[in-house]
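Each chain is listed here by its residues.
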Amino acid sequence: AGTLSWSHAHSKGGGSVCFSYFPPYSYNRHLALISQCASSREDSCAVRTLGQTLDGREMECITVGRGTRQCWIIHRQHPGETMAEFYAEGLLTRLLGLDTNGCIDGLTKHLMQKYTFRIVPNMCPDGSFRGH
């Protein structure tokens, strides 16, 4: 079994120090991802809200594909799970061709004919925004 440990000497008056298991995925980056999806060239892509959080932030769902099989993929039920939203970004980039100017490979096209993907990149945007 491994052990995670480190030491840090905090100087008096040095301000706040934050430690994390994973690199942060900011709320601004989240909004940029949603914007990219909304402006995607993919016909089957739709961005809709599942509702608002207690703080008034949208909980978005991106729908991609036209297949009869439904596939829900939900990320960041716990706001500290930033790696999950990095995965969502990679998945949406592949499905929508966000890094290839809308060009989608054959395997992805095949999957989108069989499945309708409903992807929720962040189920807890308030906690993510607050840094929990």
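Just so it is clear, the structure is predicted and the values come from calculations on it, not from any experiment. (Residues numbered from 1 in each chain as written. Predicted model: local features only at pLDDT ≥ 70, side-chain atom pairs only at ≥ 80, totals over all residues. Heavy atoms only, no water.)

A word on the nonpolar core
Line of reasoning, step 1. In this structure, Ile62, Val64, Leu92, Leu95 and Ile119 are the most contacted members of the largest nonpolar core, which totals 16 residues.
Line of reasoning, step 2. Mapped onto this core, the elements with two or more residues apiece are α1 (27-38), β2 (58-64), α2 (82-96) and β4 (115-120).
Line of reasoning, step 3. A per-element tally of this core places α2 first, with four residues.
Line of reasoning, step 4. Those residues in contact with Ile62, other than ones at most four positions away along the chain, are Ile34, Cys37, Cys45, Ala46, Val47, Leu92, Phe117, Arg118, Ile119 and Pro121. (Core = buried A, V, L, I, M, F, W, Y, C linked by side-chain atoms within 4.5 Å. Buried < 20%, exposed > 50% of the residue type's maximum accessible area, 1.4 Å probe, protein only. Helix = DSSP H or I, 4+ residues; strand = E, 2+ residues; numbered from the N terminus. Contact = heavy atoms within 4.5 Å.)

As for a nonpolar patch on the surface
Line of reasoning, step 1. Taken together, the side chains of Leu4, Trp6, Val17, Phe19, Tyr21, Phe22 and Met83 define a hydrophobic patch exposed on the protein surface, amounting to about 800 Å² of accessible area.
Line of reasoning, step 2. Among the secondary structure elements, Leu4 is positioned in the segment before α1. (Patch = residues over 30% accessible without salt bridge, like charges linked within 9 Å, V, L, I, M, F, W, Y side chains within 5 Å. Areas by Shrake-Rupley, 256 points an atom, 1.4 Å probe, with all protein chains shown as cover. Salt bridge = Lys/Arg side-chain N within 4 Å of Asp/Glu carboxyl O.)

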